[in-house]
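Coordinate inspection notes
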Amino acid sequence: MNKNFKILVVEDDTAVRKLITTTLKAHEYRYDTASDGKSAVMGAVSHNPDIILLDLGLPDMDGVEVINRIRSWSNVPIIVISARSEDYDKIEALDAGADDYLTKPFSVDELLARLRVTQRRLGILHSSSQAESPIYTNGKLSIDYSTGCAYMGEEELHLTPIEYKLLCLLARNTGKVLTHKFITQSVWGSSWENDIVSLRVFMATLRKKLESGEESALYIQTHIGVGYRMLKVE
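Described in the following lines is the structure provided in the data block. (Residues numbered from 1 in each chain as written. Predicted model: local features only at pLDDT ≥ 70, side-chain atom pairs only at ≥ 80, totals over all residues. Heavy atoms only, no water.)

A word on the overall build of the protein. Each helix and strand in the protein was counted, giving eight helices and twelve strands. Taken against the 2.2 N^0.38 rule, which gives 17 Å for 234 residues, the C-alpha radius of gyration of the protein at 19 Å falls within 12% of a compact globule. Counting every position in the protein, which comprises 234 residues, the buried fraction comes to 47%. The contacts in the protein between residues at least 6 apart in sequence include a share of 59% that link residues at least 24 apart. Accessible area of the protein: about 12300 Å², with a carbon and sulfur share of 51%. (Helix = DSSP H or I, 4+ residues; strand = E, 2+ residues; numbered from the N terminus. Rg over C-alpha atoms; globule rule 2.2 N^0.38 Å. Buried < 20%, exposed > 50% of the residue type's maximum accessible area, 1.4 Å probe, protein only. Contact = heavy atoms within 4.5 Å. Areas by Shrake-Rupley, 256 points an atom, 1.4 Å probe, with all protein chains shown as cover.)

See the structure below:
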């Protein structure tokens, strides 16, 4: 499967770039490299990668600017790999359009796991038709967009309008971390502190309805200080 995936590695540190490319080669990924922001943007255009691994600390421009430029024309998955570990940096990159954030120093196993998650999400998107399927399924959870109803197994979930909006937003972005700002602006149209507080309350009640039983799967993952992610349940 990996042979069909091409990764663009954007990293100016020679040692880190070598570590990443050696790992990709060992696991039969194809790859191209770039050592600055300008080359990254050009590489995204000319090499048409399936996934981009992006360092934020580039010599000619900030990695967030690279994300903004690529997002102006492409939805290619971007996984940030950065030494910046503050919540602000993560939120800024994710709000700009990054799909995931890996903090240096990182383990090779974690990098490969993030790539597999992204590959699975791409597979789901590619296997579906361009028109959104009227039925979303994930484990025992299903959403019938045409009727506005959600189910856990055979039982209908009794959701408030806000809970349903949150569920649909997460479902349509399964596997992707959605920041507090992105979610509140999508659901409430604003991102004030009160909206963030309301989001936490609604998310808590939604999770209780999704994960009420002792053997219930974890559907919504909390990224403290950043946001939430809908997990793909096998």
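Sheet strands line up and pair through hydrogen bonds in the backbone, either parallel or antiparallel. Strand order in this open sheet of four strands is E6-E7-E8-E9, and the pairing throughout is antiparallel. The open sheet is flanked by strand E6 (135-138) and strand E9 (155-157), the only strands paired with a single partner. Geometrically, the sheet is characterised by an average inter-axis angle of 25 degrees between neighbouring strands, direction not taken into account. The pairing of strand E8 (residues 149-152) with E9 spans three bridges and is classified as antiparallel. Its bridge partner being in E9, Ala150 is matched across the sheet by Leu157. On the sheet, helix H6 (residues 161-171) packs against E6, strand E7 (141-144) and E8 and is oriented at approximately 105 degrees with respect to E7. (Pairing = 2+ DSSP bridges. Axes fitted to C-alpha atoms, helices over the stretch in contact; angles between N-to-C directions.)

By the definition in use, this model includes one aromatic pair. Between Trp188 and Phe202, the ring centres sit 5.9 Å apart and the planes meet at 45 degrees, which makes this aromatic pair tilted. Of this pair, Trp188 sits in the loop between helix H7 (180-187) and helix H8 (193-210) while Phe202 is found in helix H8, placing the two residues 14 residues apart along the sequence. Residue classification places Trp188 among the partly exposed positions, given a relative accessible area of 27%. Taking the ring centre of Tyr145 as reference, the NZ or CZ of Arg172 above it sits at 4.2 Å. (Phe/Tyr/Trp six-rings, centres within 6.5 Å; stacked < 30°, edge-to-face > 60°. Lys NZ or Arg CZ within 6 Å of the ring centre and 35° of its normal.)

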